[in-house]
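# Breakdown of the fold
What follows is the residue order along each chain.
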2 protein chains.
Amino acid sequence: MAKVGHFCNEKGNSEFRVFAPEKERVAVVLTEKSRMVPLNRDELGYWTGELERLPHGTLYLLEVDGRRFPDPASRYQPKGVHGPSMVTEIEAARSPGWTGVKMEDALLYELHVGTFTGKGTLQAAKGKLQYLSALGVNVIELLPIAAFPGERNWGYDGTFHFALHSTYGDYQDLKQFIEAARELGMAVILDVVYNHFGPEGNYSGAFAPYTKSAATPWGAAINFDGAYNYGVREFFLENTRYWLQEVGFDGFRMDAVSLIFDNMPVHILREFTDLAREIGRAEGREVLMIAEHLRNNKYVTSEKGFNYHSQWNDDLNHAVFAKLTGETTRHYMNFGSFGDVAKALEKGFVLDGTRYDKYHRYFLGTDGSHTRGSEHVVHIQNHDQVGNRLLGDRMIVTYGRDKALLGITAVMASPYVPMLFMGEEYGEQAPFPFFEHFSEQVIIDGAREGRKADFAFADLEPMDPHARATFEESKLRWEQLETPDGQAILNYYKQLIVLKLAGQLGPRDKAGVKVVADESTEIIRVETPHTLTVMNFSGNRRANQPAAGWEPCLCSGKVSEAGNIEPYTAMIYKRTD
Amino acid sequence: MAKVGHFCNEKGNSEFRVFAPEKERVAVVLTEKSRMVPLNRDELGYWTGELERLPHGTLYLLEVDGRRFPDPASRYQPKGVHGPSMVTEIEAARSPGWTGVKMEDALLYELHVGTFTGKGTLQAAKGKLQYLSALGVNVIELLPIAAFPGERNWGYDGTFHFALHSTYGDYQDLKQFIEAARELGMAVILDVVYNHFGPEGNYSGAFAPYTKSAATPWGAAINFDGAYNYGVREFFLENTRYWLQEVGFDGFRMDAVSLIFDNMPVHILREFTDLAREIGRAEGREVLMIAEHLRNNKYVTSEKGFNYHSQWNDDLNHAVFAKLTGETTRHYMNFGSFGDVAKALEKGFVLDGTRYDKYHRYFLGTDGSHTRGSEHVVHIQNHDQVGNRLLGDRMIVTYGRDKALLGITAVMASPYVPMLFMGEEYGEQAPFPFFEHFSEQVIIDGAREGRKADFAFADLEPMDPHARATFEESKLRWEQLETPDGQAILNYYKQLIVLKLAGQLGPRDKAGVKVVADESTEIIRVETPHTLTVMNFSGNRRANQPAAGWEPCLCSGKVSEAGNIEPYTAMIYKRTD
């Protein structure tokens, strides 16, 4: 494995290495100086050349058989995805003594740089770190920051996997963000998209077959196993090394890895986790690898499988959400029963291969009983669960505070790793609908039509993903935090988190968590050695009298008279000593 | 797993079970009686119905939403792939005391029923079993016999995976063939094609999504992991059970399994081998699972991988063939050096991930050093290696007897499982070019054009695959066997086989085989505790004086004066006692 794109070599010179195995001529064009530097092909199709150290900020293009394109391995695209690439100095985050956060101890916070603050920059986000730390967050997960078309996008349409999106800031901002987070005890991990290239501004095909005929819902799949796959595999493995080692992230959330198809002897997903773990060992810090796989496949996190530390688990979300809201369209269609909530808390996977999955139309999943708690990342909100709704509405807006707080209580009481979606901790009301800022009309139309097709069953139209207003509407409304309601909700979250981080509530060990579900009352009791969580999933007041030895500690909603629990309410008890 | 198509249930009645999960109405149409029997859908999309025992020979079609098709799980298509299906009584081969043949002991013989004899039937083939047994064959491998369009075809265009192709005979013929083979100590295994359906006469799509968007070179890939995959998986697993248990084959050669894509938690290839091994255990006989994977992937035959007993290994063939013939086009392009022959003999895989594969254009393969000898099936001829040539010519025709016999000597001296291609043992000269008998013009044209495109680099045109003459030309010319040349070649093969089966030549254990290659003379010496094989891969007479203790036993060509070995000649020595 060697570096790709422009980098500074050991002699201090600028070096280029470009994979273009079927091309006749490749050259670097220094656009401001009208200078062209031809590169030389090696036998595997890498084109290399060395020249004097180019200063930070030098703009360049690559000329391939007479046509000019930005560098697929560009580190920065100051003028957007269609513009020149930029020679970029990058310093890794330096945090002496930093050893990271273990998966078992993690409390994740998912954050979209563009909408987390009004300014939508890394610098502005840095201003909130103290707040996040006080909340109890110890792992910040950034939605993808790889350069995408236009100014706004969730991030999953990125086309330059090595380039920090320019409207978010520069690498100094990123370094400072990571370092500041670590000083507060928080790791920073990155959402990376290795399953496709975005639909606009993807010039990689002009260089090499980075994609192949197999399809993902968002475009051609990556060519990890066809002709020239070695250059493609190296590109993405090098990308892993780059973000973890050269930039200094503490791990990845890898997007939609079930759509990374690989027929090679060792699956590329395993190569990613091997590499990340090796970097972590070499640098003496935890490097966390979290997969969004969503097929309830226990091998994703098993040593004999892909060996991720953890994977996103949607079943707890779907089970709780569908039970509380009665929504049973789309991805909720398998859920809605009380029993599924208990199964999610006990077994990990509700869809475990034993029952028909009406949404995917097959028997999805494996038995999760023997997975560890830390192998599941759970949530009651995340960018997809909120965003992939007709109005991008948050649970609290549509279904009220009681259900939302019962939901997060189930997440925290579970023996799994909890993840918050920015703002939910103070009852944020802003929606998070899909937004983009493509410039090609056919792609803009395609995104709009795709959105409409997703929600064809509904009467309303989804928000226009291209409208600037859709993006602006999605920005957190921090003023909500200052309201009494915001403070009360935040306070409840903080108390849950204190118990969770202390291992008293939902320790990341299923053996330490006893789940008792009563179908007739729709009450679930989750008991650990330290706490008893009673959750009323019914719409009725229920009798509730814990045995002696438990004293009330926390209530998600209205405290009932003794001996009862209100509808859609959770009560947490601590052991009396 | 339950039966599919028509079968006789425990009550002795006829039962149908048809997978059509998105259809409105499915019925059985008894075509001769103009009778229609509606089937009932269960919740998973299986349509079932029971009626009085239909006699053997009853013709039927399935009506799906008003249109009529043959049954995808038809056992017999007496009027071809476009005609009705037939209710068929099948008796499994019964061979008391039969325990099969172990992979380590196997000597395979690949046989195409249609061209093995003039009549091209199983009955006629049965007449040759005594001959095969006398030759030393212990595993007969039939090219696919699943019903294909028209009268002639290699077999890889089959569209009814459960149906014995009708021009080959009926199930009584097949039963008698298997039983007669076993009486002579020979197992019979079947080549099955689970990676695609043939291009003509495939009505499966009218029932369920058996195929998906991913492509193989021969058509859409099988849908083992998309919506409704449970019905597709069951169909093929049931097919495995059917041929092994209901018909009674002793194993499979599975065609092009690297093109069976599966993203489910447990790969369908592993499910096939698990099922086959379970059947073997239950019935107390060896059931052999051999993969044609051809990616030099050691996990295909490892316990933690797909767990096949063995897999086809083309590297020894390519290394020997390219070295001896100088051909370096197409799949030979990675080969031609003397060193590769020695590497193939020693390590198993020549392309082992350490060097660029110019044909596939990536670093194909894994290190084969630690595989067992029985994990590799090797050959100097097979249907593909002969057939996928411009003229379908056999090595002996184009390159002469010396090189052909040196080639088979390398195969036998290797520590791997040898496979012969019908007729090679007596120097058969008939070609084996691709032939088919499609009836749809666009498919006929497609096959012709595909063939031409494969050989665009050559001056000559390939033989017309559709012409009857191409098929007739391919039939074995048994009269060759009766010539002095034929007898001499047969005699050499027999002697090699005697040594091989006795474990004296190329025992299936790499530790017992020492390979010494001399680059300067192009002589390879393969030594076992019992034999020394000296192979001269050069075009020159070379000095050859084995140490004391070895006495000449066998020579592939002209015996040289003492102290020498002729060009392209092998000498085998036995230890003097």
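Computed from a predicted structure; not experimentally measured.

### Some details on the overall build of chain A
In terms of regular secondary structure, chain A is built from 13 helices and 28 strands. Its C-alpha atoms give chain A a radius of gyration of 24 Å, near enough to 25 Å, the size a compact globule of 577 residues would have. Expressed along its principal axes, the backbone C-alpha trace of chain A runs to roughly 80 × 55 × 50 Å. Per-residue burial over chain A gives 63% buried out of 577 residues. Expressed as a percentage of contacts within chain A between residues at least 6 apart in sequence, the contacts between residues at least 24 apart total 70%. Summed over its atoms, the accessible surface of chain A is roughly 20,400 Å², and 48% of this surface lies on carbon and sulfur atoms.

### Thoughts on helix H5 (residues 229–247) of chain B
Residues and elements named next belong to chain B. The end-to-end C-alpha distance of H5, which contains 19 residues, comes to 25 Å, matching closely the 27 Å that a straight helix rising 1.5 Å per residue would cover. Most of H5 sits out of view: 18 of its 19 residues are buried. Gly248, located one to two residues past H5, shows a positive phi value of around 110 degrees.

### Comments concerning the confidence of the model for chain A
For chain A, the average pLDDT comes to 96, and 100% of its residues sit at 70 or higher. In the predicted complex, the global pTM is 0.96; the interface-specific ipTM is 0.94.

### Focus: unusual backbone geometry
All names here are of chain A. Even without being a glycine, Tyr228 presents a positive backbone phi close to 70 degrees. Locating Tyr228 in the fold gives a position in the loop between strand E16 (219–222) and helix H5 (229–247). In this structure Tyr228 comes out as buried when scored by relative accessible area, which is 7%. The phi angle at Tyr568 is positive, at roughly 50 degrees, despite the residue not being glycine. For Tyr568, the location among the structural elements is in the loop between strand E27 (564–565) and strand E28 (569–575). Classification of Tyr568 by relative accessible area gives partly exposed; the value is 22%.

### Overview of the pairing of E28 of chain A
Residues and elements named next belong to chain A. Of all seven residues making up E28, five are buried, and the element is well covered by its neighbours. In this structure, strand E24 (residues 531–536) lies alongside E28, joined through six bridges in antiparallel fashion. Bridge pairing in E28 places Asn536 opposite Thr569. Direction of pairing for strand E26 (residues 550–555) relative to E28: antiparallel, over a ladder of five bridges. Bridge assignment links Glu551 to a residue of E28, and that residue is Lys574.

### A closer look at the interface of chain A and chain B
Taken together, the contacts link 22 residues of chain A with 22 residues of chain B. Contact between chain A and chain B buries roughly 1,900 Å² in total, counting both sides, with carbon and sulfur atoms accounting for 61%. Looking at the side of chain A facing chain B, the largest losses of area belong to Pro265, Arg361 and Tyr362 of chain A, adding up to 28% of the total buried there. Between Arg361 of chain A and Glu22 of chain B there is a salt bridge whose closest N-O contact spans 3.1 Å.

### Side note on the sheet that holds strand E20 (residues 376–378) of chain A
Residue and element names in this part refer to chain A. Pairing is parallel in the closed barrel, where eight strands are placed in the order E10-E11-E14-E17-E18-E19-E20-E21. For this sheet, the mean inter-axis angle between neighbouring strands, taken without regard to orientation, is 30 degrees. Pairing between strand E11 (residues 139–142) and strand E14 (residues 187–192): four bridges, direction parallel. For Ile140, the partnering residue across the bridge sits in E14 and is Val188. Packed on one face of the sheet, H5 meets E14 and strand E17 (251–254) and runs near 130 degrees to E17.

### Considerations on the pattern of salt bridges
Under the definition given, this model contains 81 salt bridges over all chains. Between Arg401 of chain A and Asp485 of chain A there is a salt bridge, with its nearest N and O atoms 2.9 Å apart. Residue Arg401 of chain A is located in helix H10 (residues 395–413), and its partner Asp485 of chain A is located in helix H13 (residues 484–501); the two are separated by 84 residues in the primary sequence. Several salt bridges converge on common partners, so that one network encompasses Glu141, Asp191, Arg253, Asp255 and Glu292 of chain B.

### A closer look at the relation of the copies chain A and chain B
For these two chains of identical sequence, chain A goes onto chain B by a turn of 180 degrees and a shift of 0.0 Å along the axis, with RMSD 0.0 Å. The two molecules are tied by a two-fold rotation axis, judged by turn and shift. Of every C-alpha in chain A, the one belonging to Ala214 of chain A sits nearest the axis of rotation, 2.8 Å from it. Of all interface residues in chain A, 100% are interface residues in chain B too; the two copies therefore contact each other through one and the same surface.

### Concerning the environment of Met412 of chain B
All names here are of chain B. Note that Met412 resides in helix H10 (residues 395–413). Judged by its relative accessible area of 0%, Met412 is buried. Distance in space between the C-alpha atoms of Met412 and Pro507 is 9.1 Å, their sequence separation being 95 residues. Discounting residues that sit within four places of it in the chain, Met412 has contacts with Leu107, Pro418, Leu420, Leu496, Ile497, Lys500, Leu505 and Gly506.

### Section: the packing of aromatic side chains
Tallied over the entire structure, the rule returns 74 aromatic pairs over all chains. Where Phe224 of chain A meets Phe272 of chain A, the ring centres are 6.3 Å apart and the plane angle is 80 degrees; that geometry is what we call edge-to-face. Placement of the pair is Phe224 of chain A in the loop between E16 and H5 and Phe272 of chain A in helix H6 (residues 268–283), with a sequence separation of 48 residues. When its relative accessible area of 0% is taken as the criterion, Phe224 of chain A is described as buried. Looking at Phe272 of chain A, the relative accessible area reads 0%, which means it is buried. Relative to Phe272 of chain B, the ring of Tyr194 of chain B lies with its centre 4.9 Å away and its plane at 50 degrees, an arrangement referred to as tilted. Residue Tyr194 of chain B is found in the loop between strand E14 (187–192) and strand E15 (211–216), and its partner Phe272 of chain B is found in helix H6 (residues 268–283); the two are separated by 78 residues along the sequence. For Tyr194 of chain B, a relative accessible area of 1% puts it in the buried group. Here the aromatic cluster, defined as three or more aromatic residues joined through ring pairs, consists of Phe162, Tyr194, Phe197, Tyr210, Phe224, Phe235, Phe236, Tyr242, Trp243, Phe249, Phe252 and Phe272 of chain A.

### Regarding the packing of H10 of chain A against H13 of chain A
All names here are of chain A. Close contact between H10 and H13 brings their axes to 10 Å; oriented N to C, the two are set at 15 degrees. The angle between H10 and H13 falls in the class roughly parallel. As for the relative orientation of H10 and H13, their crossing is left-handed in sense. Touching Ile396, Arg401, Leu405, Ile408, Thr409, Val411 and Met412 of H10 are Asp485, Ala488, Ile489, Tyr492, Tyr493, Leu496, Ile497 and Lys500, all from H13. Among the residues making up the contact of H10 with H13, the classes are represented as 11 nonpolar, one polar and three charged.

### Describing the sheet that holds strand E19 (residues 310–312) of chain B
The strands that make up a sheet pair up through hydrogen bonds in the backbone, lying either parallel or antiparallel. Residue and element names in this part refer to chain B. Read around the closed barrel, the eight strands follow the order E10-E11-E14-E17-E18-E19-E20-E21; overall the barrel is parallel. When the angles between neighbouring strand axes are averaged without regard to direction, this sheet yields 30 degrees. Note: strand E18 (residues 288–291) against E19, two bridges, orientation parallel. Across the sheet, the residue bridging to Ala291 is Gln311, located in E19.

### Side note on the nonpolar core
Membership of the largest hydrophobic core comes to 310 residues, with the highest contact counts inside it found for Leu142, Trp243 and Phe249 of chain A together with Leu142, Trp243 and Phe249 of chain B. When near neighbours in sequence (up to four residues on either side) are disregarded, Trp243 of chain B contacts Ile145, His161, Phe162, Ala163, Leu164, Tyr171, Leu174, Leu190, Val192, Gly248, Phe249 and Phe252 of chain B.

About the cut-offs
- Residues numbered from 1 in each chain as written.
- Chains lettered and ligands numbered in written order.
- Predicted model: local features only at pLDDT ≥ 70, side-chain atom pairs only at ≥ 80, totals over all residues.
- Heavy atoms only, no water.
- Helix = DSSP H or I, 4+ residues; strand = E, 2+ residues; numbered from the N terminus.
- Rg over C-alpha atoms; globule rule 2.2 N^0.38 Å.
- Buried < 20%, exposed > 50% of the residue type's maximum accessible area, 1.4 Å probe, protein only.
- Contact = heavy atoms within 4.5 Å.
- Areas by Shrake-Rupley, 256 points an atom, 1.4 Å probe, with all protein chains shown as cover.
- Expected span 1.5 Å × (residues − 1).
- pLDDT = per-residue confidence, 0-100.
- Pairing = 2+ DSSP bridges.
- Buried area = accessible area lost by both parts, 1.4 Å probe.
- Salt bridge = Lys/Arg side-chain N within 4 Å of Asp/Glu carboxyl O.
- Axes fitted to C-alpha atoms, helices over the stretch in contact; angles between N-to-C directions.
- Least-squares fit on C-alpha atoms with pLDDT ≥ 70 in both.
- Phe/Tyr/Trp six-rings, centres within 6.5 Å; stacked < 30°, edge-to-face > 60°.
- Parallel < 35°, antiparallel > 145°, perpendicular 65-115°, else oblique.
- Left-handed = near helix turned anticlockwise from the far one by under 90°.
- Nonpolar A, V, L, I, M, F, W, Y, C, P; charged D, E, K, R; others polar.
- Core = buried A, V, L, I, M, F, W, Y, C linked by side-chain atoms within 4.5 Å.

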